[in-house]
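# Structural overview
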Amino acid sequence: MALLLGISMGQGDEPTQHFDVLITGGRVVDGTGAPWYRADVGVRDGRIAAIGRLEGAKGRETIDATGLVVAPGFIDMMGQTANPMFDDPKTSLNLLTQGITTINAGEGDSAAPLGDREAAEIGWQTMAEYFLALEQKGLPLNVVQTVGLTQIRTIVIGEEDRRPSDEELAQMEAMVREAMEAGAIGVSTALIYPPAVYATTKEIAALAKVAGQYGGRYYTHMRNEGARLLEAIDEAIDVGETAGTPVHIYHLKAAGRANWGKMPLAIARIKAARAAGMQIAADVYPYQMNGLGLEAFIHPRHFAKGREQLLSQLDKPELRAEIRAEMEGEGEWENWYRHVGKDWNRVLIGNCADAKYARLGGESVAAIAKEMKQDPWDTFFDLVQAQSFALPQTMSDANIIAAMQEDFISYCTDVGPAGESRSVSHPRAAGAFPRVLSRYVRDLGVISLEQAVSQASAVAANEVMAYDRGRIAEGLAADLVLFDAAEIQDHSTPAEPRKLSTGMKHVLVNGTTVLKNGELTDKRPGRVLRGPGYQRSRAPHAVATGKVGPGLESIDRVMRRFMERHPVPGAAVAITDGGRLVYARGYGYADVAKREAVEPESLFRIASISKPLTATAVMQLVEQGKLDLDAKVYDILNEYEPYLAEGVEFDKRQRDITIRHCLQHRGGWDRDKSFDGMFQSAKFAKAVGEKTPASHTAIIRCMLGTPLDFEPGERFAYSNYGYCLLGRVIEKITGQKYDDYVKEHVLAPVKVDRMAIGATLLEGRKDGEVRYYAPYRGQSLFSGDEKKIVPVAYGAWDLEAMDSHGAWIASAVDLVKFSSAFDDASECPLLEEQTIETMFARPPGLAGHDKEGKDLPGFYSAGWRVECDKDGKMASVGHGGSLDGTNTKMVRRADGRNFAVLFNGRQTPTTDRVAEAASAELMRAIDTVEEWPAVDYFEGKLEPAAGAGE
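Source: prediction; values computed, not measured. (Residues numbered from 1 in each chain as written. Predicted model: local features only at pLDDT ≥ 70, side-chain atom pairs only at ≥ 80, totals over all residues. Heavy atoms only, no water.)

### Re the packing of helix 11 (residues 317-328) against helix 15 (residues 376-385)
Between helix 11 and helix 15, the shortest axis-to-axis distance is 11 Å and the interhelical angle comes to 105°. Here helix 11 lies roughly perpendicular to helix 15, going by the angle between them. Where helix 11 abuts helix 15, its residues Arg 320, Ile 323, Arg 324, Met 327 and Glu 328 lie against Trp 377, Asp 378, Phe 380, Phe 381, Asp 382 and Gln 385. When grouped by side-chain class, the residues that make up the contact of helix 11 with helix 15 number 5 nonpolar, 1 polar and 5 charged. (Axes fitted to C-alpha atoms, helices over the stretch in contact; angles between N-to-C directions. Helix = DSSP H or I, 4+ residues; strand = E, 2+ residues; numbered from the N terminus. Parallel < 35°, antiparallel > 145°, perpendicular 65-115°, else oblique. Contact = heavy atoms within 4.5 Å. Nonpolar A, V, L, I, M, F, W, Y, C, P; charged D, E, K, R; others polar.)

### Describing the UniProt feature "domain: Beta-lactamase-related" (unreviewed entry) in the protein chain
Taken from the UniProt record, the annotation "domain: Beta-lactamase-related" (unreviewed entry) applies to residues 555-918. Each end of residues 555-918 is marked by a C-alpha atom, and these two atoms are 11 Å apart; helix forms 28% of the span and strand 18%. (UniProt positions renumbered as here; feature names shortened; annotations may be inferred.)

### A look at empty space enclosed by the protein
One pass over the full model with this rule turns up 8 cavities of 30 Å³ or more. When its volume is computed, the largest cavity comes out at roughly 80 Å³. Together, His 251, Leu 252, Lys 253, Ala 254, Met 263, Val 284, Tyr 285, Met 395, Ser 396, Asn 399 and Ile 400 line the largest cavity. Per-class residue counts for the lining of the largest cavity are 7 nonpolar, 3 polar and 1 charged. Size it by volume and the second largest cavity reaches roughly 50 Å³. Lining the second largest cavity, in full, are Trp 669, Asp 670, Arg 671, Phe 675, Asp 676, Gly 677, Met 703, Tyr 718, Ser 719, Asn 720 and Tyr 721. Here the residues of the lining of the second largest cavity sort into 5 nonpolar, 3 polar and 3 charged. (1 Å grid on protein atoms, 1.4 Å probe; cavity = no way out; pocket = protein on both sides within 12 Å on 5 of 7 lines; lining within 4 Å. Points joined across faces, edges and corners; volume = space filled by probe spheres on them.)

### Structural notes on the sheet that holds strand 14 (residues 280-284)
A sheet is described by the order of its strands in space; here 6 strands give the open sequence 10-11-12-13-14-18, paired in parallel fashion. Each edge of the open sheet carries a strand with a single partner, namely strand 10 (147-148) and strand 18 (409-411). Examined bridge by bridge, strand 11 (residues 186-190) and strand 12 (residues 217-221) share 5 bridges and lie parallel to one another. The partner of Gly 186 across the bridge, within strand 12, is Arg 217. (Pairing = 2+ DSSP bridges.)

### Topic: the side chain of Gln 455
With respect to the helices and strands, the residue Gln 455 is situated in helix 18 (residues 449-463). Engagement of the side chain of Gln 455 in a polar contact is seen with the backbone oxygen of Glu 406, the distance being 2.9 Å. If sequence neighbours within four positions are ignored, Gln 455 has contacts with Met 404, Glu 406, Asp 407, Ile 409, Ser 410, Tyr 411, Ile 447 and Ala 460. (Polar contact = N/O pair within 3.5 Å; in protein donor to acceptor, adjacent residues only side chain to side chain.)

### So, the layout of surface pockets
Its boundaries defined by the atoms lining it, the second largest pocket holds a volume of some 1600 Å³. Lining the second largest pocket are 49 residues; nearest its centre among them are Glu 135, Arg 527, Val 528, Arg 530 and Glu 564. Those elements that place two or more of their residues in the lining of the second largest pocket are helix 4 (127-137), helix 6 (166-182) and helix 19 (553-565). The leading source of residues in the lining of the second largest pocket is helix 6, at 4 residues. In terms of residue class, the lining of the second largest pocket is made up of 22 nonpolar, 9 polar and 18 charged.

### So, a negative patch on the surface
Together, Glu 623, Asp 824, Glu 827, Glu 832, Glu 833 and Glu 837 make up a negatively charged patch on the protein surface. Judged by relative accessible area, which is 46%, Glu 833 ranks as partly exposed. (Patch = residues over 30% accessible without salt bridge, like charges linked within 9 Å, V, L, I, M, F, W, Y side chains within 5 Å. Areas by Shrake-Rupley, 256 points an atom, 1.4 Å probe, with all protein chains shown as cover. Salt bridge = Lys/Arg side-chain N within 4 Å of Asp/Glu carboxyl O. Lys, Arg positive; Asp, Glu negative; His and termini not counted. Charge placed at Lys NZ, Arg CZ, Asp CG, Glu CD. Buried < 20%, exposed > 50% of the residue type's maximum accessible area, 1.4 Å probe, protein only.)

### Topic: the sheet that holds strand 28 (residues 756-757)
Spatial ordering of the open sheet is given by 27-31-28, a layout of 3 strands whose pairing is antiparallel. Lying at the two open borders of the sheet, with one neighbouring strand each, are strand 27 (604-605) and strand 28. By the bridge criterion, 2 bridges tie strand 27 to strand 31 (residues 808-810) in an arrangement that is antiparallel. Within strand 31, the position partnered with Arg 605 by the bridge is Ile 809. This element, helix 26 (residues 738-747), spans strand 28 and strand 31 of the sheet and lies at about 40° to strand 31.

### A short note on the pattern of salt bridges
Counted under the stated rule, the structure contains 60 salt bridges. A salt bridge links Arg 301 to Glu 326, with the shortest nitrogen-to-oxygen separation between them at 2.5 Å. Taken as a pair, Arg 301 in the loop between strand 15 (292-293) and helix 10 (307-313) and Glu 326 in helix 11 lie far apart in primary sequence, 25 residues in all. Among the residues examined, Glu 326 registers a relative accessible area of 17% and is labelled buried. Asp 803 is paired through a salt bridge with Arg 728; the nearest N and O atoms lie 2.7 Å apart.

### Brief notes about the confidence of the model for the protein chain
Taken over all residues, the pLDDT of the protein chain has a mean of 94, while the share at 70 or more is 97%. Contacts for the low-pLDDT stretch residues 944-950, under 50 throughout, to residues beyond four places or in other chains number 23 contacts. (pLDDT = per-residue confidence, 0-100.)

### Quick word on unusual backbone geometry
For the bond from Pro 194 to Pro 195, the omega torsion is 0°, close enough to zero to count as cis. Mapping Pro 195 onto the fold places it in the loop between strand 11 and helix 7 (201-213). The residue after Thr 692, namely Pro 693, is reached through a cis peptide bond having omega 0°. Its place among the elements puts Pro 693 in the loop between helix 23 (681-688) and helix 24 (696-704). One non-glycine residue, Ala 607, lies in positive phi territory at about 55°. By the element assignment, Ala 607 lies in the loop between strand 27 and helix 20 (610-623).

### Focus on the pairing of strand 6 (residues 69-72)
Across 2 bridges, the pairing between strand 2 (residues 15-28) and strand 6 is parallel. Bridging across to strand 6, Arg 27 finds its partner in Val 69. Pairing geometry for strand 6 and strand 19 (residues 480-483), over 4 bridges, is antiparallel. By the bridge assignment, Val 69 is partnered in strand 19 with Phe 483.

Structure representation (structure tokens):
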């Protein structure tokens, strides 16, 4: 028990505390606003385990914090989107070097939900699916997410300037409902931008009300930040009161010199609402320049038919004249040209898509016009068409300071991770939080270090309802930052907006160091911090179906804990003992969006577990005298003419490859030296003039024309292509389609009738088959769609071509039926005992022995991976399977117990192969069972879904 608690006994029986990370000698600024104190901090299992004088304590990692401030991780109250980190975790560097450990993503736009067309490309549609993708890929920092009004309005209505119908509003409310149940923290708006600008207060309140029903909040970039600032605050309060939700105002400001005097009134308005019981707060960023797309200078009415239509018409002189007149006028709209005093010198340009202007980034519109010898208005319109990002100088430092001094204020970058977004061209992307600590705390002294830290951590954590972090206290999440208060400094400028801040030494996210001595560690411990609408009883690990034999509850607990630690959507496990099905369980979701639970008999792509099926079929033909293991493959498949690229000679060693070589992966192909021929479909199809995906004929012709990587029979090198050939051999000898033969002669004898060859595309998904979730995208393999980007599990490779090495779909129950057929070789319905012995035999040479000739502890026989015990006896045989979106394992143990574990996701931030990790835990759990139940669930139909928490 002491070891479990991280305690061991040292000399004199004094307990020694053990931590994952031990931080010593730092100045702790704990996030509460209390004065700093000096202490050590111990972190264990992602949480703060101890604070104080931890003399004698041990840490797997020890950080000397002498001279450094130790503070809770900062929260970026407007971090836009996590998507850049999804594509490249290194885009988090601009945030981590500021001490940001959590971003609040979504400002009107949100990464989910998506419309049908975009979802088909991206791979997720609902918020639940998006969160799963984030967690599967892993992030360097945490994310909280709002669902955006702009996002759902565009899906349902488009970019039109009109109100939703009752039916459309109901659709929008349903999208908010799904997002909140998935774990979004509320609804967000950006009301100065089309099409959100067309939404009425009533429409906004209706959506916010749905969020409020789940405990969510309303987050808003208000409708006006200048002349009608106070009215915009009133609208935000009105939405909150109508919807019954707290309100958070993004990047509070009074834009335009004429409106600077409104900031004290705005603060007073917020404080009065708070005094009256309204939960309302705001954030700021510490710059006098705001940042927005330059098109925001144009009156919103011009976007009523969509942004693209406006941009396409913007060359017309009469339209330019009309827009200019509006901008120079005094109408009551959010006129940013008026906010900068109608002075193009006060509008800096950041990112610009037009190469002729790109070199002038950081310059004003006026300066660019002068350089280009243009009228400033022509330059403005050209820059709008080039989708430029603007940095209008509209705010006063005095107002920023006034806001900072309020205890309900937190901070934001209004950018988030530094991907390719044009908003990254604002210096706040890399400098916002260090600028608070350097300019406003250290240099000007307008707020204390303790207040700034509290606002950046605890206050912000409360605003996003991340109540388990934001403070340094025992038991809370270990999001921690260590910085030098004397050195912390922002360096980014409009001309160099990506220049990183300095002084942030170490950053921990959920107890794992992600920034060490200012450098990324490439760890991905970040999580989606779900909001109050998320029901943990619906988490994948809490959803289970099927049967657990008496006395096997410990195995169920192992699987539930595994699912809790690893963000995979669903799994199925089946176990036999002495040929009896004693455990058949489904976990999590077959379809995340529809909340369809995995059943024990749900069908999964089993990938390379297809090989034992093919091997069994081949051994049957050998047993029947129709095939010889040492027969030359290309003597049988003699109809294929090699395709030889220019300058390539035919490798005559190809003619020496035997059936045995292919079964044992000794054919001479090494994908680590050259490539895997089964994943070269586009290349091979092009070479022989076929449409993609390539046929078996094209693949074989091209592989015949490719030199081997080693002498056939010399050694082991895993090869999918060898099993592709075996499938064709089965067809040539039997005159049947490969899968028809296997169904009739391998599966039917063991009473398996639902297995089939799977389909590449989602529309080919079989009844009872799960969906596959992989956080990657790739180029479509199919003719006509070659330039289309698709979810990698649905179209980036050709499953059907993998028939004999990786295309079968099966349930966990199906697989243990098949594997348990070999438990008693003398009674096997598939093969004779001597044939089974041959199938599991150790291969010769380096495939089964080391360089000294000693037996390897594990080897690949004929279609099976064999593991031996310390005495060299067979301990288990089995096979794994791995494709994007699926990971599987089938094991037949020497003690007569078989199990199969199947997942509809392959990877997590901590493992690339979840099935391998789970099977190791299942093996140990099976070893601990003292008495096996006498039940046999093969005899009766397994019960339907039992629902959550069974």
